[in-house]
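Listed here are the chains, written in short residue letters.
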Amino acid sequence: MTNRYSLAVLPGDGIGPEVVGCALEVLDAAEARYSFTTARTEITAGAQHYLATGELFAEVEDTLRGHDAILFGSMGDPAVKPGILERGFILEMRQRFQQAANVRPVRLYPGVPTPIADLTPERCEMVIVRENTEGAYVGQGSTVHAGTPNAVAMQESLNTRAGIERVVDFAFRLALGRRKKLTLCHKTNILVAAGQLWQEVVADLATKYPEVETDYVHVDAMCFHLPLSPERFDVIVTDNLFGDIITDLGAVIQGGLGVATSANLNLDGTAPSMFEAIHGSAPDIAGKGWANPSGAILSLALLLGHLGEGPAARAIEAATVQVLGELPALAGAEMGLSTAEVGARIAAIVREGAANEALVPESLLGQLAELAPSRV
Ligand code: IPM
Ligand code: MN
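Think of each chain on its own: its residues are numbered from 1, step by step along the sequence as written. Chains and ligands are labelled sequentially in the order written, the chains with letters from A and the ligands with numbers from 1. This being a predicted model, a pLDDT of at least 70 is required before a residue's local features are given, and a value of 80 or more before pairs of side-chain atoms are given or counted; all residues contribute to the totals for chains, interfaces and linings. The side-chain figures draw on all heavy atoms in the structure; neither hydrogens nor water molecules are used.

- Looking up the chain in an unreviewed UniProt entry gives the name 3-isopropylmalate dehydrogenase, with the organism given as Leucobacter chromiireducens subsp. chromiireducens.

1. Quick look at the overall build of the chain
- What the chain contains, in helices and strands, is 12 helices and 12 strands.
- C-alpha extents for the chain along the principal axes are approximately 60 × 50 × 45 Å.
- The classification of residues rests on relative accessible area computed with a 1.4 Å probe and restricted to protein chains. Under 20% of the type maximum is buried, over 50% is exposed, and intermediate values are partly exposed. Counting over 376 residues, the chain shows a buried share of 53%.
- Put simply, 79% of the contacts in the chain that link residues at least 6 apart link residues at least 24 apart.
- Think of it this way: Lys and Arg go in the positive column, Asp and Glu in the negative one, and His and the chain ends go nowhere. Charge positions are represented by NZ for Lys, CZ for Arg, CG for Asp and CD for Glu. One way to put it: in the chain the 27 positive side-chain charges average out to a point 3 Å from where the 45 negative ones average out. For the purposes of this entry, the term helix denotes a DSSP run of H or I that reaches at least four residues, the term strand denotes a run of E that reaches at least two, and both are numbered from the N terminus. Here, residues are in contact when the closest pair of their heavy atoms is within 4.5 Å.

2. Some points on the site of ligand 1
- By convention in these notes, a residue is near a molecule or strand provided one of its non-hydrogen atoms lies within 4 Å of it. Taken together, the residues surrounding ligand 1 are Glu 86, Ile 90, Arg 94, Arg 104, Arg 130, Tyr 137 and Asp 244.
- Here Arg 94 contributes a side-chain N or O atom positioned 2.8 Å from an oxygen atom of ligand 1.
- In the environment of ligand 1, an oxygen atom lies 2.7 Å from a nitrogen or oxygen atom belonging to the side chain of Arg 130.
- Surface accessibility follows the Shrake-Rupley procedure with a 1.4 Å probe radius. Residue values consider only the protein chains on display as shielding. Coverage of ligand 1 by the protein amounts to 73% of the 320 Å² it exposes when considered alone. In protein, a polar contact means a hydrogen-donor-capable atom and an acceptor-capable atom, both N or O and within 3.5 Å, with residues adjacent in sequence counting only if both atoms are side-chain atoms; elsewhere, any N or O pair within 3.5 Å suffices.

3. Notes on the sheet that holds strand 4 (residues 101-107)
- Read across the sheet, 10 strands follow the order 2-1-3-12-11-4-5-10-8-9 without closing on themselves; strand pairing throughout is mixed. Two strands in the sheet have a free side with no partner beyond their single neighbour: strand 2 (36-42) and strand 9 (213-218). Across the sheet, the axes of successive neighbouring strands diverge by a mean angle of 25°, strand direction being ignored.
- We treat two strands as partners when DSSP finds at least two bridges between them. Summarising the sheet, strand 8 (residues 181-186) and strand 10 (residues 235-238) pair through four bridges and their orientation is parallel. The residue of strand 10 that forms the bridge with Cys 185 is Thr 238.
- To define axes, lines are fitted to C-alpha atoms, for helices over the stretch in contact only, and angles between the resulting N-to-C directions are given on a 0 to 180 degree scale. Against the sheet, helix 1 (residues 16-33) makes contact with strand 1 (3-12), strand 2 and strand 3 (69-74), and its axis sits at roughly 155° relative to strand 2, the strand it touches most.

4. Considering the environment of Ile 90
- Among the structural elements, Ile 90 can be located in helix 4 (residues 84-96).
- Relative accessible area serves as the criterion here: at 16%, Ile 90 is assigned to the buried category.
- On a C-alpha basis, the gap between Ile 90 and Asp 204 in space is 32 Å, while along the polypeptide they are 114 residues apart.
- Excluding anything up to four places from it in sequence, Ile 90 contacts Phe 72, Met 75 and Leu 85.

5. Overview of the pairing of strand 1
- Most of strand 1 is tucked away, with eight of its 10 residues classed as buried.
- With seven bridges connecting them, strand 1 and strand 2 associate as parallel partners. Residue pairing across strands places Ser 6 opposite Ala 39, the latter belonging to strand 2.
- As judged from the five bridges shared by strand 1 and strand 3, these two strands associate in the parallel manner. Bridge pairing in strand 3 places Ala 8 opposite Ile 70.

6. As for the nonpolar core
- Ranked by internal contacts, the top residues of the largest apolar core, which has 77 residues, are Val 129, Val 168 and Leu 265.
- With 11 residues, the top contributor of residues to this core is helix 10 (residues 310-334).
- Val 129 has contacts with Ala 101, Asn 102, Val 167, Phe 170, Ala 171, Leu 174, Val 235, Ile 236, Val 237 and Thr 238, leaving out every residue within four places of it along the chain.
- Take the buried Ala, Val, Leu, Ile, Met, Phe, Trp, Tyr and Cys residues and link them wherever side-chain atoms come within 4.5 Å; each set so joined is a nonpolar core. In this structure, Ala 8, Ile 70, Met 93 and Phe 97 belong to the second largest nonpolar core, which totals 20 residues.

7. Remarks on the packing of helix 5 (residues 161-176) against helix 6 (residues 192-206)
- In the contact formed by helix 5 and helix 6, the axes pass within 10 Å of each other and the chain directions differ by 45°. When the interaxial angle is binned, helix 5 and helix 6 end up oblique. Relative to helix 6, helix 5 is oriented so that their crossing is right-handed. In this structure, helix 5 uses Arg 161, Ile 164, Glu 165, Val 167, Val 168, Asp 169 and Phe 172 to contact helix 6, whose residues at the interface are Leu 197, Trp 198, Glu 200, Val 201, Val 202, Asp 204, Leu 205 and Ala 206. Orientation categories follow fixed angle ranges, with anything under 35 degrees roughly parallel, anything over 145 roughly antiparallel, 65 to 115 roughly perpendicular, and all other angles oblique. Less than a right angle of anticlockwise turn of the near helix away from the far helix marks a crossing as left-handed, whereas a clockwise turn marks it as right-handed.

8. Examining helix 1
- Expected helix span is given by 1.5 Å per residue-to-residue step, counting one fewer step than there are residues. Here helix 1 is 18 residues long and its end C-alpha atoms lie 26 Å apart, about the 26 Å a rise of 1.5 Å per residue gives.
- The complete set of buried residues in helix 1 reads Gly 16, Val 19, Val 20, Cys 22, Ala 23, Leu 24, Val 26, Leu 27, Ala 29, Ala 30 and Glu 31.

9. Notes on helix 9 (residues 294-307)
- Relative to the 20 Å expected for 14 residues at 1.5 Å per residue, helix 9 spans 20 Å between its end C-alpha atoms, a close match to the ideal helical length.
- Within helix 9, 14 of the 14 residues are buried, which leaves the element mostly enclosed by the surrounding structure.
- Looking one or two residues past helix 9, Gly 308 carries a phi angle of roughly 95°, positive in sign.

Have a look at this one:
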């Protein structure tokens with residue numbers, strides 16, 4: 001039987017279309033080898049589209065909603081005032097589709113240079129789960145006496161028991177299928193009210209998952225432990241803003257934003273989940289063929305794992321890891337490969353069924369389908 005899925009593809013701006021183009025070439029290769037097909041709808045949105053039409057998320061919401069999953073490139077351009085696309089599109093999508101868990105694997109792949117001296121792949125294999133709909137990201141706040149020396153700005157952070165519970169429960173279930181360790185990252189000594197609620201939820205849910213060991217690390221201490229003793233972490237769960245910050249640190253540890261990837265998961269199947277590299281639109285290098293498409297291709301692997309196409313997802317992850325490991329040597333010998341050449345190399349390995357799956361010993365891909373069901 002051939003499974004069939006409908007995908008919304010949203011390339012966006014800057015390097016988005018280039019890296020998503022590579023991911024789609026890899027998807028073609030996977031469809032030729034495994035028994036599934038996708039019907040893809042390309043959605044035009046982002047900075048250029050906004051400048052031309054004034055349209056943001058609201059105008060594509062219904063179209064996106066009708067799909068099984070969304071593959072997202074990147075969005076943003078200096079010509080659009082900061083905040084418009086972030087709030088009007090990206091955060092709006094996370095909210096309206098209740099993509100409550102932002103899942104960001106932090107793994108050092110073999111052969112990928114890391115700025116952390118002596119770090120080895122065995123020591124760096126974790127998943128950061130960031131709450132994706134609440135906290136400071138709700139955008140509530142007020143300004144009084146703006147533009148005067150007496151200006152006052154207040155910015156609120158929203159924390160609901162229900163919102164925390166669903167993401168912490170997800171993180172526990174993820175940990176259960178891995179090394180069974182869950183670390184809460186917060187700042188409970190200063191953000192006492194929110195911190196207490198997060199700690200309470202973790203303590204309460206810990207009784208439901210007695211096999212999982214729990215631990216707590218303040219976010220500032222996390223910035224120290226994450227690069228220097230990453231082996232301490234299996235699954236980290238944290239609030240929206242702390243998660244935003246520490247996952248960029250995670251990306252640096254694993255060799256840069258080009259390789260880091262993420263899933264924005266809707267946990268109840270009522271709306272599609274969205275998959276994207278964590279880099280931005282990088283307008284300064286757009287169109288030059290310099291962008292690393294690995295993050296986008298790895299996000300395709302997460303998407304296929306989520307849809308239940310585990311074998312194809314694993315092959316894509318393994319092929320990407322293999323090519324990532326070859327890049328430093330190739331860069332030395334041939335001045336480096338272009339975006340399209342990296343994509344084509346990964347696609348060829350997938351098409352030939354030549355991926356070495358031993359390169360991805362512990363993978364979260366198989367867990368995704370059961371942890372966050374696709375559309376009900
Ligand atoms: C991310 C990005 C977004 C965020 C921006 C683009 C709104 O930095 O996905 O981490 O702050 O969440
Ligand atoms: Mn970020």
